[in-house]
Amino acid sequence: MPASLAPRELAGQDILSVRQFQRDNLEPVFALTEHMREVVRRDGGTDLLARRVLAALFFEPSTRTSASFIAAMERLGGSVIPITQGVQFSSVSKGESLPDTIRTLEQYADAIVLRHPVIGSAQEAADAAQVPIINAGDGAGEHPTQALLDLFTIRDELGKLDGLHVAMVGDLRFGRTVHSLTQLLAQYRVKLSFVSPEILRLPLDLMNEVRGRGLAVQETYSVADVIGEVDVLYVTRVQKERFTDLAQYEELKGYYVIDEAIMAAARRDMIVMHPLPRVGEIDPRVDADPRAAYFRQVQNGMFLRMALLAGVLGKA
């Protein structure tokens, strides 16, 4: 696997981790994402990937990621095999192994996008496959395409990445979107604030990696400690599906709520982001605030995934 990937270098490659993307190679990816946005807004799509097939294999529930990959492939002129309604409707329910499922689907598809609850499952799939595997989330591990669209959104909304102060709020322990985005942001000259209860702190190995890059880092339990100075407030939900103790989940799920009072203390040019779904951590009344970028973030996901699919399938 290449150390870093730009659109032309993506051809035939797996996308498993944000570690495949270096700062210098991200600009071509973002330029292609902007191009895809222009194509969709002008023409609705393109036939760039006509007669190409994507298999969408989701072992966990998904709305945005599955829908945006399907929409991205169809707007590129391709088609999709959607296994997104639960693996109980597939041969996995009969005990089929992940490698066998992958080897079967690659007989029909030119690429496979996979979401799975086990860390390392995307690599296991890639080891078995002869077609490109795109990691759409492997447990509490990584979610590289989400992190790429998040980074693109920050750049698109604020016009830069260097010099920003980004605060991550909520479930930093299990939040794979946080893990991947943190790794990407660590390549820029940013300040990072991590806001969470003690039990949901960022994993120590990732924290040590960030500190090792010499970035300004702070940890706190209170949004109030950072809200007046951040450029980006990246909010995540407490992930019920990762808890074995549901009583503990119930205790933590409402720990942070971003509401109009919090927003009143924020800078006028900051943005609020969320990978969604939200389950109470952002008051719906915040949606009307122009600083609420999370639905624009959702749309960017389709454009970014169009760019990645075109790259992976050799049409970038």
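Worth saying up front: this structure is predicted, and the values here are computed from it rather than measured.

Novice: Would you mind going over the pattern of salt bridges in detail, with residue names and values included?
Specialist: As enumerated under the stated definition, the model contains 19 salt bridges in all. Between arginine 201 and glutamate 198 there is a salt bridge; the shortest N-O distance is 3.1 Å. The exposure class of glutamate 198 is partly exposed, given its relative accessible area of 44%. Between arginine 285 and aspartate 283 there is a salt bridge, with its nearest N and O atoms 2.8 Å apart.

Novice: Could you give an account of the nonpolar core, with specific residues and numbers?
Specialist: When a protein is soluble and globular, its nonpolar side chains tend to lie buried together. Counting 64 residues, the largest nonpolar core has Phe21, Leu151, Met168 and Leu309 as the members making the most contacts within it. Here the element with the most residues in this core is helix 10 (residues 294-312); it accounts for 9 residues. Leave out the neighbours within four places in its chain, and leucine 309 touches Leu49, Leu54, Phe69, Ala72, Met73, Leu76 and Ile134.

Novice: Describe helix 1 (residues 23-43), naming the residues involved and giving the relevant values.
Specialist: Here helix 1 is 21 residues long and its end C-alpha atoms lie 31 Å apart, about the 30 Å a rise of 1.5 Å per residue gives. Along helix 1, the positions that sit buried rather than exposed are Asn25, Leu26, Val29, Phe30, Leu32, Thr33, Met36, Arg37, Val39 and Val40. Turning to helix 1, the residues buried within the fold contact helix 2 (64-75), helix 5 (144-158), helix 6 (176-185) and helix 10. Trailing helix 1 by a residue or two, glycine 44 shows a phi angle of about 85°, which is positive.

Novice: Account for the pairing of strand 3 (residues 111-116), naming residues and giving values.
Specialist: Counting buried positions along strand 3 yields 6 of 6 residues, so the element is predominantly enclosed. Here strand 1 (residues 53-58) pairs with strand 3 via 5 bridges, running parallel. The residue bridging phenylalanine 58 from the neighbouring strand is arginine 115, located in strand 3. As for the winding sense of the linkage, the β-α-β connection from strand 3 through helix 4 (residues 121-128) to strand 4 (residues 133-138) is right-handed.

Novice: Provide a residue-level description of the environment of leucine 164, including the pertinent values.
Specialist: Positionally, leucine 164 belongs in the loop between helix 5 and strand 5 (165-169). Accessibility expressed as a relative area gives 4% for leucine 164, which makes it buried. Measuring from C-alpha to C-alpha, the distance between leucine 164 and valine 190 comes to 5.1 Å, with 26 residues separating the pair along the chain. Not counting residues up to four positions away in its chain, the partners in contact with leucine 164 are Ile154, Leu158, Arg189, Val190, Lys191 and Asp231.

Novice: Any details on the sheet that holds strand 2 (residues 79-83)? Residues and values, ideally.
Specialist: On the basis of which strands lie adjacent, the open sheet formed by 4 strands has the order 2-1-3-4 and parallel pairing. Each edge of the sheet is formed by a strand with only one pairing partner; in this case those strands are strand 2 and strand 4. Averaged over all pairs of adjacent strands, the angle between strand axes in this sheet comes to 15°, irrespective of strand direction. Pairing geometry for strand 1 and strand 2, over 5 bridges, is parallel.

Novice: Go over the confidence of the model for the protein chain with me, naming the residues and quoting the values.
Specialist: Confidence in the prediction of the protein chain, expressed as mean pLDDT, is 90, and 90% of residues score 70 or more. Summarising per-element confidence for the protein chain, the mean pLDDT is lowest in helix 8 (residues 246-252) (57) and highest in strand 9 (residues 271-273) (98).

Novice: Go over unusual backbone geometry, please, and point to the residues and values.
Specialist: Cis geometry is adopted by the peptide bond preceding proline 277, which originates at leucine 276 and carries an omega value of 5°. Relative to the elements of secondary structure, proline 277 occurs in the loop between strand 9 and helix 10. Although it is not a glycine, arginine 51 sits at a positive phi angle of roughly 70°. For arginine 51, the position within the fold is in the loop between helix 1 and strand 1. Judged by relative accessible area, which is 77%, arginine 51 ranks as exposed. With phi around 60°, leucine 276 is a residue other than glycine that occupies positive phi space. For leucine 276, a relative accessible area of 12% translates into the label buried.

Thresholds applied
Residues numbered from 1 in each chain as written. Predicted model: local features only at pLDDT ≥ 70, side-chain atom pairs only at ≥ 80, totals over all residues. Heavy atoms only, no water. Salt bridge = Lys/Arg side-chain N within 4 Å of Asp/Glu carboxyl O. Buried < 20%, exposed > 50% of the residue type's maximum accessible area, 1.4 Å probe, protein only. Core = buried A, V, L, I, M, F, W, Y, C linked by side-chain atoms within 4.5 Å. Helix = DSSP H or I, 4+ residues; strand = E, 2+ residues; numbered from the N terminus. Contact = heavy atoms within 4.5 Å. Expected span 1.5 Å × (residues − 1). Pairing = 2+ DSSP bridges. Right-handed = clockwise from strand over helix to strand, strands pointing away. Axes fitted to C-alpha atoms, helices over the stretch in contact; angles between N-to-C directions. pLDDT = per-residue confidence, 0-100.

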